[in-house]
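# Examining the three-dimensional arrangement
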Amino acid sequence: MNPTELYRTWVEVSFDALRNNLAWIRHRVGPRVKILAVVKADAYGHGLPQIAGALMHGGVDIFGVATLNEALGVRAVGAGWPILLLGSSLPAEVETAVRHNVMPTISSLDEARRFQREAARQQKTLAVHVKVDTGMGRLGFWHEEAVKPIQRIAALPNLRLQGIYTHFPSAEDDAAFSLEQVEKFHAVVRGAGVRIPLRHADNSAGVLNVHAGSRRLGSLFNVVRPGLMMYGIVPPGLPPVPQLQPTLSFKSRVILVKRIAAGRSVSYGRTFVAQQPMRVAIIGAGYGDGYSRDLSNRGEVLIRGHRCPVLGRVTMDQTIADVSDARFRDLAPGEEVALVGRQGRDCITAVELAAWAGTIPWEAMTSITKRVPRVYTGAAT
Ligand SMILES: *Cc1c(COP(=O)(O)O)cnc(C)c1O
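Report follows, based on the coordinates. Not measured: the values here are computed from a predicted model. Once a new chain begins, its residue numbering starts again from 1 and follows that chain's sequence as written. Given that this is a predicted model, residues contribute local features only at a pLDDT of at least 70 and side-chain atom pairs are listed and counted only at 80 or more, while totals for whole chains, interfaces and linings are drawn from all residues. Hydrogens and water are ignored here; the side-chain numbers use all heavy atoms of the structure.

### Digging into empty space enclosed by the protein
The distinction between a cavity and a pocket rests on a 1 Å grid over the protein atoms alone: a 1.4 Å probe fits inside a cavity but cannot get out, while a pocket stays open yet meets protein on both sides within 12 Å along at least five of seven lines, and a residue with an atom within 4 Å of a point counts as lining. Grid points are joined across faces, edges and corners, and a volume is the space filled by probe spheres set on the points. Summed over the entire model, instances satisfying the criterion amount to 1 cavity of 30 Å³ or more. Its boundaries defined by the atoms lining it, the largest cavity holds a volume of some 50 Å³. Only DSSP runs of H or I reaching four residues or more are called helices, and only runs of E reaching two or more are called strands; each is numbered from the N terminus. Of all the secondary structure elements, the ones that give two or more residues to the lining of the largest cavity are β11 (248-260), α10 (350-356) and α11 (361-366).

So, in structure tokens, the structure goes:
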């Protein structure tokens, strides 16, 4: 028996799509640019160990994570891979980060000194990346004040200044602002005047929307940091890229089919009232699985390749959909439902689902909860 028959809700991850997307990114950025694969938040909900394992075979150069725990998760899959911690480190994390050779992101001299002290204590040299704030307004040294600290960090004996980077807040919809950021970043790198082997800025939107425009800066950038696009999704606002294939499908099953008479209401709060007799399907997924409550009366699901509107409130464990159409006359418990992904000729994308829920695909994907088993298809190597 197919083991997913026993699942009422599950995520299907395609290793083939992941490999395809990585190949396309490689093609897009060229052979000399390193790919830093962003696998934070459980690899955008796909499962960190499985995705990291597949990417180690797939030719990425560096891993990007948000937390020390995630870094250790990548370490556990394969030793020796460079891992960049994209978040700042807590003082209490410094010892472990140094012990496991996790590259920290340095946004303050205090942080740099803590890592210097600990690296000296462990008698090693730790590679670090310095972050420059050129307009994101989050981590990093403000660009106008970055040159001196960078020179001081470069002089610390137990740190090796391996990389320098910045981040785009609006690469998908403001290429002009992003290019100004690139200029500011360039000025910092030039001003610091120290050799820093790796220089990077591009997230997915940067790769798709800014990268080409910044070519005139020649060899300034030699690393890209794709997250979303590696999982086959183009950031909302950018034109479609047919070569990218979504890696994640979010699936569920019909658990009950019933008729309701005109005038009867559906689910909590009685926000949907049938205007005529209807047939409804109860689906075995709800916000407890990460199917957002904001999809109440807004979302659509695919059953037999056709779209069925969500009726009433999404509940913790169940969602109700309209299956009044004649093609569903013999619909029965056990039939597959696509919440995100392809079914027949139609496909619900994470971008579409996120828009219905008033959010973004990053949040929609990372909201799928631990209760939902992840199933992998295709070869990981
Ligand atoms: C998450 C993250 C990325 C990846 O962003 P996508 O939009 O998913 O490609 C890149 N860089 C940094 C610093 C990040 O935090």
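Further notes follow.
### Section: the site of the ligand
What makes a residue near a molecule or strand is one non-hydrogen atom of that residue sitting within 4 Å of it. In the region of the ligand, 14 residues are neighbours, and Lys-40, Tyr-44, Ser-204, Arg-225 and Leu-228 sit closest. For the purposes of these results, a polar contact is taken to be a pair of N or O atoms within 3.5 Å, where, inside protein, one atom must be able to donate a hydrogen and its partner to accept one; residues adjacent in sequence count only when each atom of the pair is a side-chain atom. In the environment of the ligand, an oxygen atom lies 2.5 Å from a nitrogen or oxygen atom belonging to the side chain of Ser-204. For the ligand, whose unbound accessible area comes to 390 Å², protein coverage reaches 92%. Comparing atom positions with the cavity grids shows the ligand to sit within the largest pocket. Tallied by class, the residues present in the shell around the ligand amount to 6 nonpolar, 4 polar and 4 charged. Exposure was quantified through the Shrake-Rupley algorithm and a 1.4 Å probe, taking into account, for residues, occlusion by the shown protein chains and nothing else. For a molecule to be placed in a cavity or pocket, more than half of its atoms must lie within 2 Å of the grid points of that cavity or pocket. All amino acids are sorted into three groups, where Ala, Val, Leu, Ile, Met, Phe, Trp, Tyr, Cys and Pro are nonpolar, Asp, Glu, Lys and Arg are charged, and the leftover types, Gly among them, are polar.

### Section: the layout of surface pockets
Of the volumes computed, that of the largest pocket is approximately 610 Å³. If you go around the largest pocket, you meet 23 residues; those closest to its centre are Lys-40, Arg-138, His-167, Asn-203 and Trp-362. Put simply, the second largest pocket is a space of about 480 Å³. In terms of lining, the second largest pocket is formed by 32 residues, of which the most central are Gly-232, Ile-233, Pro-246, Cys-347 and Thr-349. At the level of elements, β1 (9-14), β11, β18 (336-343), β19 (346-348) and α10 are the ones that each hand at least two residues to the lining of the second largest pocket.

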